[in-house]
Amino acid sequence: MQVRAYTDADLESLRAMHAAQGFGYAFPDLADPLFLVRSVVEDEGRPRMAAFLRLTAEAYLLADPGEGSPRQRWRWLLALHESVRREAAARGLADVQAFLPPRVAHAFGRRLGSLGWRRDPWTCYTRQV
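Residues numbered from 1 in each chain as written. Predicted model: local features only at pLDDT ≥ 70, side-chain atom pairs only at ≥ 80, totals over all residues. Heavy atoms only, no water.

A.B. asks: Is there a simple way to think about the nonpolar core in this case?
C.D. replies: The nonpolar side chains of a soluble globular protein tend to be buried, and buried together. Membership of the largest hydrophobic core is limited to six residues, which are Tyr-6, Leu-14, Phe-27, Leu-30, Phe-35 and Val-40. Among all residues touching Leu-14, those that are not within four sequence positions of it are Tyr-6, Phe-27, Leu-30, Pro-47, Ala-50 and Phe-52. (Core = buried A, V, L, I, M, F, W, Y, C linked by side-chain atoms within 4.5 Å. Buried < 20%, exposed > 50% of the residue type's maximum accessible area, 1.4 Å probe, protein only. Contact = heavy atoms within 4.5 Å.)

A.B. asks: Help me understand the pattern of salt bridges in this model?
C.D. replies: Between side chains of opposite charge, a pair can form when the charged atoms approach closely. Within this structure, the stated rule accounts for nine salt bridges. For Arg-85, the salt bridge goes to Glu-82, with nearest N and O atoms at 2.6 Å. Taken together, the residues span about one helical turn, with Arg-85 and Glu-82 both in helix α2 (residues 70-90) at a distance of three residues. Relative accessible area serves as the criterion here: at 28%, Glu-82 is assigned to the partly exposed category. Taking the shortest distance from any N to any O, the salt bridge between Arg-91 and Glu-87 comes out at 3.3 Å. Given a relative accessible area of 65%, Arg-91 falls into the exposed group. For Glu-87, a relative accessible area of 43% translates into the label partly exposed. What emerges from the salt-bridge pattern is a single network uniting Arg-4, Asp-10 and Glu-42. (Salt bridge = Lys/Arg side-chain N within 4 Å of Asp/Glu carboxyl O. Helix = DSSP H or I, 4+ residues; strand = E, 2+ residues; numbered from the N terminus.)

A.B. asks: Mind showing me how you'd approach the environment of Ala-59 here?
C.D. replies: Its place among the elements puts Ala-59 in strand β4 (residues 57-59). Take Ala-59: its relative accessible area is 32%, and that puts it in the partly exposed class. On a C-alpha basis, the gap between Ala-59 and Tyr-125 in space is 16 Å, while along the polypeptide they are 66 residues apart. Not counting residues within four places of it along the chain, the set of residues in contact with Ala-59 comprises Val-96, Gln-97, Ala-98 and Trp-117.

A.B. asks: Looking at this structure, how should I read the sheet that holds strand β1 (residues 2-5)?
C.D. replies: Neighbouring strands of a sheet are bound in pairs by backbone hydrogen bonds; such pairs are parallel or else antiparallel. Strand order in this open sheet of three strands is β1-β2-β3, and the pairing throughout is antiparallel. Looking along the sheet, the strands with just one partner apiece sit at the ends: β1 and β3 (46-54). Pairwise comparison of adjacent strand axes, ignoring direction, gives a mean angle of 25° for this sheet. In this sheet, strand β2 (residues 35-43) lies alongside β1 in antiparallel orientation, the contact comprising four bridges. Within β2, the position partnered with Gln-2 by the bridge is Glu-42. (Pairing = 2+ DSSP bridges. Axes fitted to C-alpha atoms, helices over the stretch in contact; angles between N-to-C directions.)

A.B. asks: Would you take a moment to explain unusual backbone geometry for this structure?
C.D. replies: Negative phi is the rule for most residues except glycine; trans is the rule for most peptide bonds. The phi dihedral of Glu-44 falls on the positive side, at around 50°, and the residue is not glycine. Structurally, Glu-44 can be placed in the loop between β2 and β3. Residue class for Glu-44 comes out exposed when judged on its relative accessible area of 71%.

A.B. asks: Looking at this structure, how should I read a nonpolar patch on the surface?
C.D. replies: A cluster of nonpolar side chains, Leu-36, Val-37, Leu-53 and Leu-55, forms an exposed patch at the surface whose accessible area comes to about 360 Å². Inspection of the secondary structure assignment puts Val-37 in strand β2. For Val-37, a relative accessible area of 34% gives the class partly exposed. (Patch = residues over 30% accessible without salt bridge, like charges linked within 9 Å, V, L, I, M, F, W, Y side chains within 5 Å. Areas by Shrake-Rupley, 256 points an atom, 1.4 Å probe, with all protein chains shown as cover.)

As structure tokens, this is what we get:
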């Protein structure tokens, strides 16, 4: 067994693994430069498992809840949101994640939803490297 870098020769085996999992998401574009890590476990001469790490961004919003009226804060958020969205797109990012504290998740989550964000149904795990 060895862990090695992905090669294009692995593509069909990995497509078959992806289909066998049946998770219902599209097979990723492994040529996308946002994939910074591409690793394959090879055993007995064929790929058995693979892992890919794609660059994404985590959003942090800093705001004093005592500043301005709710309407002003909403206007500020709208302006900031669109500017940051454009900058992220210009830098080639495909997505942004926001982790909301439980005490604001319901109300602020609705606001994010109105801006095109969606609550991810997949459970997130985080690991320090």
